[in-house]
Amino acid sequence: MSARLRLTLSYAGFLLVAGVALMALVFYILRFVPEGNISGDGPFLPDRSDLLDALWPRTWQVLLVLAVIGFGGGWVLAGRMLRPLRKINGVARRVAAGSLDERVRLAGPHDEFRELADTFDTMLDRLQGSFDEQRRFAANAAHELRTPYAIERSMLDVALADPAAQDIDRLLRRLDETNRRGIEVVEALLALATIDAGHVIERTPLDVAETVAEVLRDLRPLADEAGVAISSVLGEGDIDASGTLVRQMVANLLLNGIRHNTVPAGWVTVHTETVAHGAVQLTVANSGPVVSAELLARLTEPFVRGVGRVGTRSGGPGGAPVGSGLGLALVARVADVHGAALSIAARPSGGLIVTVRFPAPGTVAPAAGR
């Protein structure tokens, strides 16, 4: 049976039960009417038997009328009540057929149906956003993986066309730089896939200041070559985290700051400290071009880059800047699996301020990937 028929039967059944109960009450009251007619010169007064004889046939007629009203009225009422569900179902069918831009947008009072429709619309908004992001991700990943190999093929074709005119050392350096770019993209994609696959993150006690200091030692030559000054204030801060993932996060934040420095005398600052309730805060700020609000909102999406990135030691041929566009996407994923709060703000004079606040040790259960 359809929901409408079940509701109709429920309405009609309830009405019949109420009618039977009412009739039963009437017959119960008639018990108190005396039996036997009163004789005399006054008007005729019916006794209990007279009333029962008059009411009994009418009882079935009344119940029949109630049944008709219950079924007819119940069918109409059930249709009106289920109309919002039919609209939601129609939208769901069109969405299932591939039309993700459909929305219910149910009008009327803020009742349970309106709440359901609004929740459904919100879910569709998030689904459409996720699908759009995945499509951009797939298209950008294909482009990023194809670009270094196309560049390598172009350089090799030129070299093969005129081997005698080639500077072999320069060619090898350019091929090495381009190959590094391809490896960087693949490694970043693998890191994202590992986190998103739902693997359990193994946490161990970790001093954020020591981890940042290690990454700074590794990346300082790259910053010096790019002409970017790095300064740090590293206050002690202990967290429960994956050392590998936190190290990757710090490296991505520093590389992001180095590669975005297109201003003269560019700089990057790193600050770690323990804040309220034992939380540990990591802040990385850098100079660079002004970042628009629209771009700022999308920086944690894969393959979204800031403007004006300069070439570094691993710059591509012809000074092409290197960067997979996955740096802040990885930072967001790592923060997510550690229960950390990520904040990205644009400096009015240019550049970014990225803040990651890790919860105090012992306050977050082991988490899986996003």
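Values in this document were obtained by computation on a predicted structure and should not be read as measured data. (Residues numbered from 1 in each chain as written. Predicted model: local features only at pLDDT ≥ 70, side-chain atom pairs only at ≥ 80, totals over all residues. Heavy atoms only, no water.)

Colleague: Which parts of the structure should I look at to understand the pairing of strand β7 (residues 352-358)?
Modeller: Two faces belong to every sheet, and in a regular strand the side chains alternate between them. With five of seven residues buried, β7 lies mostly within the body of the structure. Hairpin remark: strand β6 (residues 341-346) followed by β7, antiparallel, with five residues in the connecting loop; positive phi at Gly350, about 120 degrees. (Buried < 20%, exposed > 50% of the residue type's maximum accessible area, 1.4 Å probe, protein only. Helix = DSSP H or I, 4+ residues; strand = E, 2+ residues; numbered from the N terminus. Pairing = 2+ DSSP bridges.)

Colleague: Looking at this model, I keep getting lost on the pattern of salt bridges. Mind explaining?
Modeller: Pairing between side chains of opposite charge can happen when the charged atoms of each approach one another. Enumeration according to the criterion identifies five salt bridges in this entry. Here Asp118 makes a salt bridge to Arg114, at a shortest N to O gap of 3.6 Å. Here Asp118 and its partner Arg114 are both found in helix α3 (residues 112-161), four residues apart, which amounts to about one turn of the helix. Judged by relative accessible area, which is 32%, Asp118 ranks as partly exposed. Here Glu214 makes a salt bridge to Arg247, at a shortest N to O gap of 3.5 Å. You can see Glu214 sitting in helix α5 (residues 208-226) and its partner Arg247 sitting in helix α6 (residues 243-259), a full 33 residues away along the chain. (Salt bridge = Lys/Arg side-chain N within 4 Å of Asp/Glu carboxyl O.)

Colleague: I'm lost on a negative patch on the surface in this one. Help?
Modeller: The grouping of Glu210, Glu236, Asp238 and Asp240 at the surface amounts to a negative patch. Tracing the backbone through its elements, the reader meets Asp238 in strand β3 (residues 238-241). Residue Asp238 is classed as partly exposed on the basis of its relative accessible area of 41%. (Patch = residues over 30% accessible without salt bridge, like charges linked within 9 Å, V, L, I, M, F, W, Y side chains within 5 Å. Areas by Shrake-Rupley, 256 points an atom, 1.4 Å probe, with all protein chains shown as cover. Lys, Arg positive; Asp, Glu negative; His and termini not counted. Charge placed at Lys NZ, Arg CZ, Asp CG, Glu CD.)

Colleague: Honestly, a nonpolar patch on the surface in this entry has me stumped. Any pointers?
Modeller: Together, Leu22, Leu25, Val26, Tyr28, Ile29, Phe32 and Leu55 make up a nonpolar patch on the protein surface, roughly 670 Å² of accessible area in all. With five residues, helix α1 (residues 3-30) is the largest single contributor of residues to the nonpolar patch. One can find Leu22 in helix α1. By relative accessible area, Leu22 is classed as exposed at 53%.

Colleague: What is the right way to read the packing of aromatic side chains from this model?
Modeller: For any pair of aromatic rings, the description consists of the separation of the ring centres together with the inter-plane angle of the planes. Under the definition given, this model contains two aromatic pairs. Plain terms: the ring middles of Phe27 and Trp56 are 5.6 Å apart, the flat faces sit at 65 degrees to each other, and that makes the pair edge-to-face. With Phe27 in helix α1 and Trp56 in helix α2 (residues 48-96), this pair connects stretches of sequence that are 29 residues apart. Judged by relative accessible area, Trp56 falls into the partly exposed class, the value being 47%. Ring centres of Trp56 and Trp60 lie 5.9 Å apart, and the angle between their planes is 90 degrees; on these two criteria the pair is classed as edge-to-face. Taken together, the residues span about one helical turn, with Trp56 and Trp60 both in helix α2 at a distance of four residues. The rings of Phe27, Trp56 and Trp60 are connected pair by pair, giving a single aromatic cluster. (Phe/Tyr/Trp six-rings, centres within 6.5 Å; stacked < 30°, edge-to-face > 60°.)

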